[in-house]
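# Survey of secondary and tertiary structure
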Amino acid sequence: MDGSSPRKVLRGIPVSSGIAIGPAYLFHPQKREISRHPVAPENVEQEVARLKRALERARKDIQGIRDRIAGAVGEYEARIFDSHVLILRDEEIMGTIYSDIRENLNNAEYAFYRRMNQISDRFDQAAGGFLKEHLIDLRDVASRVIDILTLSDGGKDAPEIHHPVVLLARTVTPSELAQFTTGNTLGICLETGGKTSHVAILARSLEIPAVSGIPWKELSLEPGQMVIVDGNAGQVILNPSLRDIKEHEGRRAAHWAHEQDLAGLRDIEPVTSDGKYISLAANVELPLEVESVLRHGADGVGLYRSEFLFLGREDMPSEEEQYQAYRHLAHHLAPRHVTIRTLDAGGDKPVPALQVDDERDPMGWRSIRVSLRNPAIFKVQLRAILRASAAGNVRLMFPMISNLQEFREAKRLTEQAREELRAQGLPFDENLEIGCMIEVPSAVLMAKEIAREADFFSIGTNDLAQFTLAVDRSNERVSDLYEPHSPAVLRQIQMVVEAARSQGIPVGVCGEMAADPYLALLFIGMGVDELSMSPGGLLEMKRMTRAISYEDARRSAREALRLGTATEIHQWLEDKFRDLFVRLGLRRGTGAG
Ligand code: PEP
Ligand code: MG
C-alpha cells in the first residue's frame, strides 16, 4: 500500500462467495485498430484462405482452453466454449464474410470485424441482461480471430500472471478468465455480468470469490495496490486499511472454517431430534450445478428453473438440446429426484422468441399461460422432459397454475406427448409424477380439488407473496410491503399443506422463504415435507433441522399463526429461536446475511 489513492468501499453484486485479499491486477483488453484496405482482385482467394487459417487457429486455441477447463473443473463447465466453436463453424455467417472479401475486395480483418459488429449490434438491441451476457461470448471469439489476423505474433493470449492477484476489469471473457486461472487469481471484481453470466458461473465453479456491478471508473488505484473482494457481502475495498485487512482475514478464516464444518453434515440425514425426516432439496438454474447439488448433500432437486435454457437467445432450444440438459441432471443425480419445472417465462425472465419480454408485466402474460397458448412449443419441452425421465428420477411440474382447468390442459398435452413418444418407440418413465406449483391465491383456494388430480405440490412463496400482498416483487417503491412473515401468506401455506394432506400427496416449499431458518421451522411445523433452496443454504438448514423437534415446530407454527401482523410473527420467532440459531452458527438465521 503506498497510500497514493485513498481507501474506498464499493458495493456490487455478490456473484461468487468467499473473501479474497491481494494486490490489484487491472486488466485492460488491448484495443485493435481495424482499417479497411482493398485487396487486389488476383489476391482475393489468398485473402479468403488467410481468414480460413485464422478461424482454424482460433478453433484450435479454444479447443485447448476447453480441454484445460474440462481437466480443471469438469466437462460440463467446458461446454461454455462449445458455443465459441459453433460461432466459428457457422457457415452462413462465414459465407457472408467470404463474399464480402470476394465481392467488395475487403481485407479479411475488416470484413470479419464488420460482420461481427452487425451481429453484436443485433444482440445488443434485442433484449436486456441475459442476451447481453452472451454478447461477451461473441466478442470473445471476434477479438481472438482479429488478434490472430492482425498481430505479428499470430494472436496473443491473456497475459500470464505469475503471482497471486485480484483481477479487476470492466469485463472478462470466459476464455480470458480460463487463461488467467492458473491458481493465481484470488478474486475478481467486474463491472458487467450478473449471476448467470458465464464468467460468474466459471468463477463459482473455480471457487474464486467475485463481485460484479462495480463501475470501472470507480477503480481509482494503481496496479499492485491492495484490494479486498468480499463475494459474500458483494463489497470491494480499494486500498484497505490495516484494520480492514485484519478484519477480512478473520472473516475469510471464519468462512473457510464454517464451510469445512458444514461439509461434515453432507452425508448425515436431515431428521428432526424426534425423528421426522425433512427432505432438503436444491433449486437449480443451470445443469452444471450438479456438482454443487451433490457437494451440499441435497436429497434431490426440488425446482429446476428450465427457463434459463431459453433466456439470452433469439431462437428456441430444440428438443434435443433440452433433452441433453434435462438428461444431464437426471442421469448425474439419480437416484435423487429432479423436479423439472416447465418454462416459467416472464417478469424478469424475458423470452423474446415468445414475445414475453415486458418486465413491467409480472402478472399477466407469463409462465404456463404462455405455454398453453403455444402448444406446439410446449410439447417440444414436454417430450424432452419425458425422454429425460428414462435416465433417472424425473418429476414434472407446472408453474403459476391459477385454476384446475389449466392444470388439466397441461396434463392433456403431456398425455399427447406421451402418445407420440410411444408411437415412436422412444422410452420414458411411465410412472412419472406430475405436480403443480401453488403460487397464485386462486390455486390456494382450489388446492383440495387440484390436489385430487396432482401427484405433488410445491409452494412458490416468491409469487404467492407478491400476488397475495399486491406487491410486484421487483418494484423497489413497494419493496417494504413485501413481507414474507405476513400472516396472510403463512395462513395460505397452511391451507395448501392441509389440502395436500387431505388427498395424501406430498408438499414442498421452493420459494426464497424456504431458505430462512425461522420460516423453514414454521413450515416444518405446518407439515411441509420438502424445503428446496439454493444449494449454498442446504447444510445450514440441515443443521437447524437436526437441532429442533417436530413437536416444538408444530406448537410454534400453531402459536405463530394466531398472531395478527408480520412484525409480531417476526418478533415472536426471533424471541423464541434467535439464541438457538446463534449457537448453531446459522448465518442466515442471525441477520448476518
Ligand atoms: C416462486 O415463485 O416462489 C418460485 C419458486 O418461482 P420463481 O421464483 O422462479 O418465480
Ligand atoms: Mg414463481
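Read on for an overview of the structure.

## Overview of the site of ligand 1
Taken together, 14 residues form the shell around ligand 1, and within it Arg305, Arg341, Gly460, Asn462 and Arg473 come nearest. Between ligand 1 and Asp463 there is a distance of 3.0 Å, counted from an oxygen atom to a backbone nitrogen or oxygen. Here ligand 1 loses 98% of its free accessible area of 290 Å² to cover by the protein chains. Those elements giving two or more residues to the shell around ligand 1 turn out to be β10 (300-305) and α17 (461-469). Class assignment for the residues of the shell around ligand 1 results in three nonpolar, four polar and seven charged.

## Some thoughts on the pattern of salt bridges
Using the criterion set out here, one finds 35 salt bridges in the structure. One salt bridge in this structure joins Arg170 and Glu191, with 3.7 Å as the shortest N-O distance. With Arg170 in the loop between β4 (165-169) and α7 (174-180) and Glu191 in the loop between β5 (185-190) and α8 (198-205), this residue pair connects regions lying 21 residues apart in the sequence. Among the residues examined, Arg170 registers a relative accessible area of 42% and is labelled partly exposed. The partly exposed category is assigned to Glu191, whose relative accessible area is 27%.

## A look at the coordination of the magnesium ion (ligand 2)
Looking at the magnesium ion (ligand 2), the protein donor atoms are Glu439 (OE) and Asp463 (OD), and they sit 2.0 to 2.1 Å from it. Of this pair, Glu439 sits in the loop between β13 (433-438) and α15 (441-445) while Asp463 is found in helix α17, placing the two residues 24 residues apart along the sequence. You can call Asp463 buried: its relative accessible area is 3%.

## A look at the sheet that holds strand β14 (residues 456-459)
Within a beta sheet, neighbouring strands are joined by backbone hydrogen bonds and run either parallel or antiparallel to one another. With parallel pairing, the eight strands of this closed barrel are ordered in space as β9-β10-β11-β12-β13-β14-β15-β16. Ignoring strand direction, the axes of neighbouring strands in this sheet form an average angle of 25°. Of the pairings in the sheet, the one linking strand β9 (residues 279-284) to strand β16 (residues 530-533) comprises four bridges and is parallel in character. By the bridge assignment for β16, Leu280 is matched with Leu531. Helix-sheet contacts for helix α11 (residues 319-333) involve β9, β10, β11 (337-341) and β12 (393-398), and the interaxial angle to β11 is about 160°.

## Digging into empty space enclosed by the protein
One pass over the structure, following the stated rule, counts three cavities of 30 Å³ or more. Together, Phe310, Leu343, Leu354, Ser371, Asn374, Ile377, Phe378 and Gln381 line the largest cavity. A total of three residues in the lining of the largest cavity trace back to one element, the largest contributor, which is helix α13 (residues 375-388). A per-class count over the lining of the largest cavity returns five nonpolar, three polar and no charged.

Criteria and thresholds
- Residues numbered from 1 in each chain as written.
- Chains lettered and ligands numbered in written order.
- Predicted model: local features only at pLDDT ≥ 70, side-chain atom pairs only at ≥ 80, totals over all residues.
- Heavy atoms only, no water.
- Near = heavy atom within 4 Å.
- Polar contact = N/O pair within 3.5 Å; in protein donor to acceptor, adjacent residues only side chain to side chain.
- Areas by Shrake-Rupley, 256 points an atom, 1.4 Å probe, with all protein chains shown as cover.
- Helix = DSSP H or I, 4+ residues; strand = E, 2+ residues; numbered from the N terminus.
- Nonpolar A, V, L, I, M, F, W, Y, C, P; charged D, E, K, R; others polar.
- Salt bridge = Lys/Arg side-chain N within 4 Å of Asp/Glu carboxyl O.
- Buried < 20%, exposed > 50% of the residue type's maximum accessible area, 1.4 Å probe, protein only.
- Donors = N, O, S within 2.8 Å, 3.2 Å for Na, K, Ca; no water.
- Pairing = 2+ DSSP bridges.
- Axes fitted to C-alpha atoms, helices over the stretch in contact; angles between N-to-C directions.
- Contact = heavy atoms within 4.5 Å.
- 1 Å grid on protein atoms, 1.4 Å probe; cavity = no way out; pocket = protein on both sides within 12 Å on 5 of 7 lines; lining within 4 Å.
- Points joined across faces, edges and corners; volume = space filled by probe spheres on them.

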